[in-house]
Amino acid sequence: MAGRAPGETDGETGGALDFVTVTVADLRLALPLPAVRAVIRLPELVRIPLGPPSLDGLAHWHGDAVPVLDLATALGRPGGAEPTRETRVVLVGHRSQMGGQTTVGLRVDAMAGILRSNPDRIDPVTQEEGGLDPALLDGLLRDGPATILKLDALIDSQFGDPAETERTDRGSTSAAAGFGPVPAGGSGAAGGIKGTVDRQALLVFEVSGQEFALPVDRVREVLPAPREVTRMARSRAHLLGVMAVRDRLLPLVGLRALFGLEAGEGQDSSGLAAGRRVVVVRSGNGQAPVGVLVDEVREILRLDPALIDPVPPLLAREPEFEDLDGIARADGGAGGVSGGGRRLVSVLSAERLFRHGAAFGTGAGAAEADGEGDGMEPAQPADGSNGIGGAGERFVVFRLAGAEYGLPVSAVREVLRRPDSITPLPNAPDFVAGVLTLRGEVLPLIDQRRLLALPAADSKSGPAGLERGRVVVVGRDGLLVGLLVDGLSGLLTVPADRIGPAPAVSAAQRRLIRRVATLDAAGDMAGDVAGAARLILLMEADSLLDMDRLAELPVTPR
């Protein structure tokens, strides 16, 4: 439901006023029709941290990330009730005290209807009405009966003091403090600190219990695996077929069949099953990208190139090893650091993977005009505007409490397995879980759940939960911190037009999360659910490195 009846202007016809009436708990409320943009069923919500108790999360609506409030909680009634078939979200336009215009969703128990009333049938609010704050009310409809909400005042009361948010914005880019620079030769930001070892960044993933890797600079993004792949006639077993990505075709290579690995339980030899990922590999020299189907994205390691050995000559002569560029000797410890050589990771050759892509005849030699080498063949006639090429930002995407977060690839040094034990740090802020030794240097670990006031991880998950957990190492100007997260989704290139400002729900949130990426699974990427939306909260790396300011975050209790 959206808009107004023909001939009406701003919700009035001949002096009459129009309202959308809804029920919330024991209340019957009226919302001015001119402010209502749509009424929709309850969409899938992504929880945004550091928000008020009434904030259910963010919804994807017409390309925007819209905050959704539980109206019952916002009005002081018991909220959080399980949704029913009648539950609706009323999308309203909101003009904040700072003058900005945005859309906000209000979750209600049910929509009652549309009501028209003359101004002389509206009584003023002279005292508390049904336990509600009179400052949030605009009158009482006799014809409802219903209580008229003052929407802007209600929403402003939930999202805090806009002036405080503005002050936070101005101070959020201050220089990081609290932990000194990493000495030369330490763990370091590869290529970012003078004197550090120029380390090779590798994206590590698993197939049938074995670990493989590709150079990070050859990985364009990591996507959810499609449920089905279009097979090509008379192709070899490891050439699974093609999948559609943004209206273009991506050739798909299966490592399970390529290397003769056994299929996991409940899978066929292709490995197509829920939860799998596709690593999109780019050449950068005019060749079409290729998708590699993997079971799980493990981590991002930065290794001394001396620890990446060529394939032994005896094995290099065998056909099954020709797709490898080398074997990395990574440490088998919890930190994922190099040196011990107890863990061997097979490093794939991106160039040889493109040879497989050419076998499909998908234009592997066709160079793009922008030189990016994203020459995917169109799945249908297109003007090129929907291709993978074009301006965009690359992010490392990780999971936390059921939501996805992103950090710029340039700020992430590596992603490690979560250690089995963490050394506590006395007198540290509550969100500092402890420290980790990384290649001889001490790395402070930030518990992202504590920092963002998210629920603690389920203790029932036990060691399995720790095994899936990761440490995202963020660095700038010699400063390094590790972020404890639930898991790694992979790399993602997000077009510039899909990145927008995050709703400012609190000063603390505004300091750490300023932007959000909004993606349609059906149109922007391969998804697990047809038509489902994907929202990725983009964090500010500089703010995460400033320990003193993190300790001062004004967190709203939930």
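Since this is a predicted model, take the numbers as computed values, not measurements.

**A few points about the overall build of the chain**
Of the regular secondary structure elements, the chain holds 12 helices and 35 strands. The buried share of the chain, taken over its 558 residues, is 52%. Relative to all contacts within the chain whose residues are 6 or more apart in sequence, the contacts with residues 24 or more apart total 64%. Of the roughly 24,000 Å² of accessible surface on the chain, 49% is carried by carbon and sulfur atoms.

**Overview of the sheet that holds strand β5 (residues 55–61)**
In space, the five strands of this open sheet follow the order β4-β7-β8-β6-β5, with mixed pairing throughout. Pairing within the sheet leaves two strands with one partner each, and these edge strands are β4 (36–41) and β5. In this sheet, neighbouring strand axes are inclined to one another by 30° on average, regardless of whether the strands run parallel or antiparallel. Here β4 runs beside strand β7 (residues 88–95); their pairing, made up of five bridges, is antiparallel. The residue of β7 that forms the bridge with valine 39 is valine 90.

**Here's the deal with the pairing of strand β13 (residues 200–207)**
In terms of residue burial, β13 counts as a mostly covered element, since seven of its eight residues are buried. Bridging between β13 and strand β20 (residues 296–303) involves seven bridges; their strand directions are antiparallel. Counted as the bridge partner of leucine 202 is leucine 301 from β20. In this structure, β13 lies alongside strand β14 (residues 210–215), joined through six bridges in antiparallel fashion. By the bridge assignment, leucine 203 is partnered in β14 with leucine 214. Adjacent in sequence and paired antiparallel, β13 and β14 are bridged by two residues, among which serine 208 carries a positive phi angle near 50°.

**Some details on the environment of glutamine 158**
Note that glutamine 158 resides in helix α2 (residues 151–158). Separated by 348 residues in the primary sequence, glutamine 158 and serine 506 have C-alpha atoms spaced 8.8 Å apart. Residues contacting glutamine 158, with those up to four places away along its chain left out, are Pro52, Ser54, Leu69, Ala74 and Val505. In terms of polar contacts, glutamine 158 uses its side chain to reach the side chain of serine 157, at 3.4 Å.

**Section: the sheet that holds strand β33 (residues 499–501)**
Strand order in the open sheet made by the six strands is β32-β25-β26-β35-β34-β33, with mixed pairing throughout. Each of the sheet's edge strands pairs with one partner strand only, and the pair in question is β32 (487–495) and β33. Adjacent strand axes in the sheet meet at a mean angle of 35°, parallel and antiparallel pairs treated alike. Alignment of strand β25 (residues 392–400) against β32, held across eight bridges, turns out to be antiparallel.

**Points about the nonpolar core**
Counting 100 residues, the largest nonpolar core has Val279, Tyr405, Leu407 and Leu512 as the members making the most contacts within it. If sequence neighbours within four positions are ignored, tyrosine 405 has contacts with Arg47, Pro49, Val396, Val397, Phe398, Leu400, Leu452, Leu454, Ile513, Ile536, Leu537 and Met539. In this structure, Val245, Val278, Leu293 and Ile499 belong to the second largest nonpolar core, which totals 20 residues.

Definitions and limits used
- Residues numbered from 1 in each chain as written.
- Predicted model: local features only at pLDDT ≥ 70, side-chain atom pairs only at ≥ 80, totals over all residues.
- Heavy atoms only, no water.
- Helix = DSSP H or I, 4+ residues; strand = E, 2+ residues; numbered from the N terminus.
- Buried < 20%, exposed > 50% of the residue type's maximum accessible area, 1.4 Å probe, protein only.
- Contact = heavy atoms within 4.5 Å.
- Areas by Shrake-Rupley, 256 points an atom, 1.4 Å probe, with all protein chains shown as cover.
- Pairing = 2+ DSSP bridges.
- Axes fitted to C-alpha atoms, helices over the stretch in contact; angles between N-to-C directions.
- Polar contact = N/O pair within 3.5 Å; in protein donor to acceptor, adjacent residues only side chain to side chain.
- Core = buried A, V, L, I, M, F, W, Y, C linked by side-chain atoms within 4.5 Å.

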